[in-house]
Amino acid sequence: MNTFGDPAIWLPFVFAGLMGVSILIYVVLDGFDLGVGVLFPFADDDEKDRMIASIGPFWDANETWLVLAVGLLLVAFPVAHGAILTALYLPVAIMLIGLILRGVAFEFRAKAPAPHKHLWNNAFFAGSLMTSLSQGFMLGMYIMGLQWTWANAGFALLTAVFLTVGYSFIGATWVIHKTDEYLQRKAVDWAKGGIWGLVLGIGLISMATPLVSARIFDKWFSWPEALYLSPLPIISALLVIWLWWMLRRMPYMNDRWSWLPFAAATSLWVMAFGGMAYSFYPYVVPEQLTIYESASAPESLFIILIGTMFVLPTIMGYTILAYTVFRGKATELRYD
Amino acid sequence: MMETLLLSRIQFAANISFHILFPTITIALGWVLLFFKIRYNMTGQDRWMEAYRFWVKIFALSFALGVVSGITMSFQFGTNWPGFMEIVGNIAGPLLAYEIMTAFFLEAVFLGIMLFGFSRVPNWLHTLATFLVAFGTLMSAFWIIVLNSWMHTPQGFEMRDGVAHATDWFAIVFNPSMPYRFTHMVLASFLTVSFLIAGVSAFRWLIGGRTAGVRVALKTAVVTAALLMPVQILVGDMHGLNTKEYQPAKVAAMEGHWETGGNVPLILFALPDQEARENRFEIGIPNLASYILTHTWDGEVQGLNDFVAEDGTVLHPRVAPVFWSFRVMIGTGVAMLLLSWTACAMMLRRRRGVEGLPKPMLYAFVAMSFSGWIATLAGWYTTEIGRQPWLVQGVMTTAEAVADVPAPMVLGTLIAYLVVYALLLSAYIYVIFYLARKMSRGEDIGTRVAPAPAAAPKAIPAE
């Protein structure tokens, strides 16, 4: 077990990495299907069916990344799990109820009698909105060091709105890719409307994070780190400009490049997430607990790692397979 | 703090009670579906596939509800019980990890094929997928029961600086109560599913949907219930004896037995009075509890008064909830035994199979559709409340683990959860019977908006 040095050092690092990857995959994948839910009121009944069809085979697997991320936090950093979730008690409860509502609305809107369908559509929208808002709120509180003050809650409310708009943006780019004709043009408009939420959100978080903590400020604005890190904001800015330029010309002839806005949006999320991960490392509870202080015993982590080594590649492989099998435009179909 | 503790316990109980309803169905329903599938493969008769197609939808619905309510569980540990993972995280962590990963594994890979794949993949692959989903659900149950059993009968660890560290994983996994608890739960799952299938099939039969698929489902369910009920009683008895050895306070509370001694009666009815430390309005059968617990008529059984410390600290659970949930479980079980055996006897005696069941009996099955849920929940309440005041028997108390969240916040979220759960439970039961009615009218229920895979564009509307 000592091949890679001290297991009390590399095991927590590996698990922090695994957890980070899970969270990133979660916010991109569930981000787009939550966004589709948030966009629901802007669509008519037929469009709703098509939007549901575009996320149908994926949303369930997308949500499991959240279980994996929180599961890894729970089993690898139990102390941090307790500290973070106790501090975020209320938004967590709202998120969970939101997740339950939208998850079951998905099943029930197809199986319940037709007159009840619009009720489940509303439940799907409400659940998606509750989930997005509370995740954004938790993000804000986390950046502010999980301290409940009026100012911090105000900041968290802003991030809640921006993350929700950001989700609806990536959701719109997904709809652009998965649909055509009128709905696709509508989605291009949604994306043009939603991109500002993303820009403002990333901007706000980028400005607030270094101001909250001198440690994070030094990590970004000391020489030569600032030089190495400069591609991050520059590429992000270029991506935004490119996205805007592209969206103004969408859809292209023969539906070419319809996947590009989604890919560009995903790259933007990866950049933003990478920046945040860099800011907070090695802390898992901001400025309070490092990953090394809160990790489980190395022998327990090692046992979990063995299982993870089998499961993670399988889930990755399946995810890729599912997206390949269900690629192309979403169309209606009956199944059994 | 006391209020937060009690409210947090009620909240956890509400969440896990709602959650366990659905795994209780999926654990066994997976195997029942595999049985239908294998019978179809062997006989080529469409009736088995008809049964499969109907029940796989209930499986999908139950699985979805199990997943979303399971997400809640993985957060509850942190929001309400941070002390649990702080003290025993090194042991609970890997077990929970394996539970989550097995559930993941099966959901990620095989569930899609099982639900959507019958017309898209070779038949053997569809059968294999059904097997793997059933097996995966069982494995998932195994890991969670291992953790739960370890909390009742912990071993294979040592305490260092107040934190538990694993010393022997074999001892942790195969802790003394695990085999009994696991068998008891798996059988409970099979009985729950048997009565659900019997109830819904009887319902369809009564409203005129007398198809071959309904017939085989009803027959399979009644026979399974009749076969497994006595096994469950035997396993339950063995589980009880195991509990008597490791958690005598729980057994004393189940029996409402206060003073250590021999010739203990089996109490059928009583109102246990914790303050006076005695039972009121007690009705019992002399010596029977002694016989059940020690297998001799005058055997000595430890009483609750042995579990009060010198300074008056009570080290046994509250008696009334344990005493009563135990009786609810037993009572429901007896009703299930009587109904399934009578039905079997009638099917055999008149030699007309399902046709031989009189109408009142079918109504009784409809009424008992969810009897398995009641018995299972009552059983879990018995064993979990019975472990109190301990969270991990002898290692840490429940009060040590609870988060210091303001009581009104716990109460507020508890009410929100309860409202959502009540809504979803009604919707779940409603939809099951709605699908059954639709099916009986001969309407297609295989309708659901789903995207066509690019590789298989041959979407055939079922009408």
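Just so we're clear, the structure is a prediction, and the values are computed from it rather than from any experiment. (Residues numbered from 1 in each chain as written. Chains lettered and ligands numbered in written order. Predicted model: local features only at pLDDT ≥ 70, side-chain atom pairs only at ≥ 80, totals over all residues. Heavy atoms only, no water.)

Caption draft 1: Expanded view of the overall build of chain A. Counting its secondary structure elements, chain A contains 14 helices and two strands. For chain A, whose C-alpha radius of gyration is 20 Å, the value lies close to the compact-globule estimate of 20 Å for 336 residues. Residues counted as buried form 57% of the 336 residues belonging to chain A. Within chain A, one finds 18 positive and 22 negative side-chain charges whose respective centroids are separated by 10 Å. (Helix = DSSP H or I, 4+ residues; strand = E, 2+ residues; numbered from the N terminus. Rg over C-alpha atoms; globule rule 2.2 N^0.38 Å. Buried < 20%, exposed > 50% of the residue type's maximum accessible area, 1.4 Å probe, protein only. Lys, Arg positive; Asp, Glu negative; His and termini not counted. Charge placed at Lys NZ, Arg CZ, Asp CG, Glu CD.)

Caption draft 2: A look at the pairing of strand S1 (residues 157-160) of chain B. Residue and element names in this part refer to chain B. Two elements, S1 and strand S2 (residues 163-166), share four bridges in a ladder whose sense is antiparallel. Opposite Phe157, over in S2, you have Ala166 as the bridge partner. Between S1 and S2, which follow one another and run antiparallel, lie two residues, and Asp161 among them has a positive phi close to 50°. (Pairing = 2+ DSSP bridges.)

Caption draft 3: Focus on the nonpolar core. Counting 232 residues, the largest nonpolar core has A:Phe15, B:Trp55, B:Phe84 and B:Tyr428 as its most contacted members. If one sorts the elements of this core by residue count, helix H2 (residues 46-80) of chain B sits on top with 18 residues. The residues contacting B:Phe84, other than those within four sequence positions of it, are B:Phe77, B:Gly89, B:Ala92, B:Met151, B:Leu391, B:Val392, B:Met396 and B:Ala401. B:Trp258, B:Ile267, B:Val322 and B:Phe326 belong to the second-largest nonpolar core, a separate cluster that totals 13 residues. (Core = buried A, V, L, I, M, F, W, Y, C linked by side-chain atoms within 4.5 Å. Contact = heavy atoms within 4.5 Å.)

Caption draft 4: Structural context of empty space enclosed by the protein. Following the criterion strictly, the structure yields six cavities of 30 Å³ or more and no others. When its volume is computed, the second largest cavity comes out at roughly 60 Å³. As for the second largest cavity, its lining consists of A:Leu68, A:Gly71, A:Leu72, A:Val75, A:Ile304, A:Thr308, B:Ala97, B:Ile100 and B:Met101. Secondary structure elements with two or more residues in the lining of the second largest cavity: helix H3 (59-76) and helix H14 (298-325) of chain A together with helix H3 (82-116) of chain B. Per-element accounting of the lining of the second largest cavity gives the leading share, four residues, to H3(A). Taken together, the residues of the lining of the second largest cavity sort by class into seven nonpolar, two polar and no charged. (1 Å grid on protein atoms, 1.4 Å probe; cavity = no way out; pocket = protein on both sides within 12 Å on 5 of 7 lines; lining within 4 Å. Points joined across faces, edges and corners; volume = space filled by probe spheres on them. Nonpolar A, V, L, I, M, F, W, Y, C, P; charged D, E, K, R; others polar.)

Caption draft 5: Seen up close, the confidence of the model for chain B. All names here are of chain B. Per-residue confidence for chain B gives a mean pLDDT of 84; residues scoring 70 or more make up 94%. Segment residues 447-463: pLDDT under 50, and 37 contacts once partners within four positions in sequence are set aside and those in other chains are kept. Predicted complex, confidence summary: ipTM 0.76, pTM 0.84. (pLDDT = per-residue confidence, 0-100.)

Caption draft 6: Summary view of helix H1 (residues 7-38) of chain A. Residues and elements named next belong to chain A. Between its first and last C-alpha atoms H1 spans 44 Å; for 32 residues at 1.5 Å apiece the expected length is 46 Å, and the two agree. Along H1, the helix axis deviates most sharply at Gly31, where the bend reaches about 30°. Across the 32 residues of H1, 25 count as buried, placing the element largely inside the fold. (Expected span 1.5 Å × (residues − 1). Bend = angle between axes of the 7 residues up to and from the residue.)

Caption draft 7: Quick look at the environment of B:Ser17. Residue and element names in this part refer to chain B. Along the chain, the position of Ser17 falls in helix H1 (residues 2-43). Look past the residues within four positions of Ser17 in its chain and what remains in contact with it is Leu377 and Tyr381. Separated by 2.8 Å, the side chains of Ser17 and Tyr381 make a polar contact. (Polar contact = N/O pair within 3.5 Å; in protein donor to acceptor, adjacent residues only side chain to side chain.)

Caption draft 8: Molecular detail of the environment of A:Leu72. Locating A:Leu72 in the fold gives a position in helix H3. Setting aside anything within four residues of it in sequence, one finds A:Leu72 in contact with A:Phe15, A:Leu18, A:Met19, A:Ser22 and A:Phe77.

Caption draft 9: Molecular detail of the pattern of salt bridges. Residues and elements named next belong to chain A. Counted by the stated rule, this structure contains eight salt bridges over all chains. In this structure, the salt-bridge partner of Lys186 is Glu47, at a minimum N-O distance of 2.9 Å. Taken as a pair, Lys186 in helix H8 (residues 181-212) and Glu47 in helix H2 (residues 45-55) lie far apart in primary sequence, 139 residues in all. The salt bridge involving Asp49 is made with Arg109; its shortest N-O contact spans 2.8 Å. Taken as a pair, Asp49 in helix H2 and Arg109 in helix H5 (residues 89-111) lie far apart in primary sequence, 60 residues in all. (Salt bridge = Lys/Arg side-chain N within 4 Å of Asp/Glu carboxyl O.)

Caption draft 10: Highlighting the confidence of the model for chain A. Looking at chain A as a whole, the pLDDT averages 82, with 95% of positions reaching at least 70. Within chain A, the element-level pLDDT minimum falls on H14(A), averaging 79, and the maximum on helix H6 (residues 117-143) of chain A, averaging 90.

Caption draft 11: Representation of the pairing of strand S4 (residues 278-285) of chain B in the model. Residue and element names in this part refer to chain B. Judged from the six bridges that link them, strand S3 (residues 266-273) and S4 form a sheet pairing that is antiparallel. Across the sheet, residue Asp273 finds its bridge partner in S4, namely Glu278. The antiparallel hairpin formed by S3 and S4 contains four residues in its connecting segment, where Arg277 sits at a positive phi of about 55°.

Caption draft 12: Structural detail: unusual backbone geometry. Looking along the chain, the bond that leaves B:Gln388 and enters B:Pro389 is cis, with omega of 5°. Along the chain, the position of B:Pro389 falls in the loop between helix H12 (371-385) and strand S5 (390-392). The phi dihedral of A:Leu146 is positive, around 60°, even though this residue is not glycine. In this fold, A:Leu146 is placed in the loop between H6 and helix H7 (150-178). A positive phi angle, close to 50°, is found at B:Asp161, a residue other than glycine. Position of B:Asp161 relative to the elements: it lies in the loop between S1 and S2.

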